[in-house]
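Now for the letters of each chain:
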Amino acid sequence: MTDVDLDAEQYEKNREAGEILAEVRNEAADRVAVGASHLEVAEWAEERIRELGGEPAFPVNISIDEEAAHATPGVDDSTTFGEDMVNLDIGVHVDGWLADTAVTVDLSGNDELAEASEAALEAALDTVEAGVETGEIGAVIEETIDGYGFNPVVNLTGHGLGHWQQHTPPNIPNRAVDQGIELEVGDVVAIEPFATDGGGKVREGSEEEIFALESEGSVRNRAARQALNQITEEFKTLPFATRWLDVGRPEMALRRLKQQDILHGYPVLKEEAGCLVSQKEHTVIVTEDGCEVTTRL
């Protein structure tokens, strides 16, 4: 038996974050259409989170076609949706307690690839319970995506969610692995299968719009110091976007903070061969005989 209290305040805040996030995800997905603005969709979703009583846990990710993660609009971004495969990845926190979710909105006519990641997630959720090893979940994800004739993205994983921490152990692989970690009651994890019609690996691109605090430090430059004050007060250790900073010439401030190893960046991750990627993600609280999905309406 376990002494984890799933009625504790932290879990109530995880649930609240998930409830807000499920609503925003669905509403944001409805706004993705050919000709719509990436920046308007992202900013609308981030503001909607605040209206509903949460805060963005990270910038809204809008990943297109071969992009798998870490793509978000820049300052004054004018990009619009075409006939694309669009992955929306959105996070919410309530007092630092997190929920994380993603959905593919397919405008490209590749329905089966979008279905593959969604079916893999549902199969994974059916597998989750206390005592299950993460490698077993990965095996189910891999088998499901293989059944659609596609490949899982093997160098991306699901992950735990901590207090003010978007990525914590355990990792939830998207393929079978021999050595996994046993899930325990009360674990809060995000499970996120990625499916591709490519080889199944992503690489770092050159674009970088998302950053997070790496370590404490001091800087002489005024703009960099202003940016650092905002980062430590508002975002703490959570990722943020260049466009969130209330300083002049934010790109220069970020460059100085990166040079001093105070910040690290998140380059956009792209499928190695330039092939399409779909994604589906839910956050769950692990229970004795299953899981509670916090990001499902």
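As the structure is a prediction and not an experimental result, all values here were calculated from the model.

Cut-offs applied
- Residues numbered from 1 in each chain as written.
- Predicted model: local features only at pLDDT ≥ 70, side-chain atom pairs only at ≥ 80, totals over all residues.
- Heavy atoms only, no water.
- UniProt positions renumbered as here; feature names shortened; annotations may be inferred.
- 1 Å grid on protein atoms, 1.4 Å probe; cavity = no way out; pocket = protein on both sides within 12 Å on 5 of 7 lines; lining within 4 Å.
- Helix = DSSP H or I, 4+ residues; strand = E, 2+ residues; numbered from the N terminus.
- Polar contact = N/O pair within 3.5 Å; in protein donor to acceptor, adjacent residues only side chain to side chain.
- Phe/Tyr/Trp six-rings, centres within 6.5 Å; stacked < 30°, edge-to-face > 60°.
- Buried < 20%, exposed > 50% of the residue type's maximum accessible area, 1.4 Å probe, protein only.
- Lys NZ or Arg CZ within 6 Å of the ring centre and 35° of its normal.
- Domains from an automatic or database assignment.
- Contact = heavy atoms within 4.5 Å.
- Buried area = accessible area lost by both parts, 1.4 Å probe.
- Nonpolar A, V, L, I, M, F, W, Y, C, P; charged D, E, K, R; others polar.

Chemist: Describe the UniProt feature "binding site: a divalent metal cation 2" (unreviewed entry) in the protein, naming the residues involved and giving the relevant values.
Modeler: Per the UniProt annotation, the sites labelled "binding site: a divalent metal cation 2" (unreviewed entry) are Asp100, His159, Glu192 and Glu281. In sequence the annotated residues extend across 182 residues, while in space they remain close, none of their C-alpha pairs exceeding 10.7 Å. The annotated residues contributing to the lining of the largest pocket are Asp100, His159 and Glu192. Within the element layout of this structure, Asp100 appears in strand 4 (residues 97–106). Here the side chain of Asp100 touches His159 through a polar contact of 3.3 Å, side chain to side chain. Structurally, His159 is set in strand 6 (residues 158–162).

Chemist: Describe in detail the packing of aromatic side chains, supporting the description with residues and values.
Modeler: The tally for this structure, following the rule as stated, stands at 3 aromatic pairs. Centre to centre, the rings of Phe211 and Phe240 are 6.3 Å apart; their planes meet at 35°, and the pair counts as tilted. Taken as a pair, Phe211 in strand 10 (residues 202–213) and Phe240 in strand 11 (residues 240–241) lie far apart in primary sequence, 29 residues in all. Residue Phe211 is classed as buried on the basis of its relative accessible area, which comes to 5%. Looking at Lys236, its charged tip hangs above the ring of Trp164, at a distance of 4.6 Å from the centre.

Chemist: Explain the domain arrangement of the protein residue by residue, including any values.
Modeler: What the domain assignment lists for the protein is domain 1 (9–206 + 276–293) and domain 2 (210–266). Taking only C-alpha atoms into account, the centre of domain 1 sits 26 Å from that of domain 2. Tallying the contact residues gives 20 residues for domain 1 and 13 residues for domain 2. Both faces considered, domain 1 and domain 2 share a buried interface measuring about 1,300 Å² in area, 67% of it formed by carbon and sulfur atoms. In terms of surface lost to domain 2, no three residues of domain 1 exceed Pro59, His70 and Trp164, which account for 44% of the buried area on that side. The tally of links between domain 1 and domain 2 comes to 5 residue pairs in polar contact (both at pLDDT 80 or more). Where the side of domain 1 that touches domain 2 is concerned, the elements lending two or more residues are helix 2 (38–51), strand 1 (55–64) and strand 7 (165–172). Broken down by element, the side of domain 1 that touches domain 2 gets its largest block of residues, 6 residues, from strand 1. For the side of domain 1 that touches domain 2, the class distribution of residues is 11 nonpolar, 7 polar and 2 charged.

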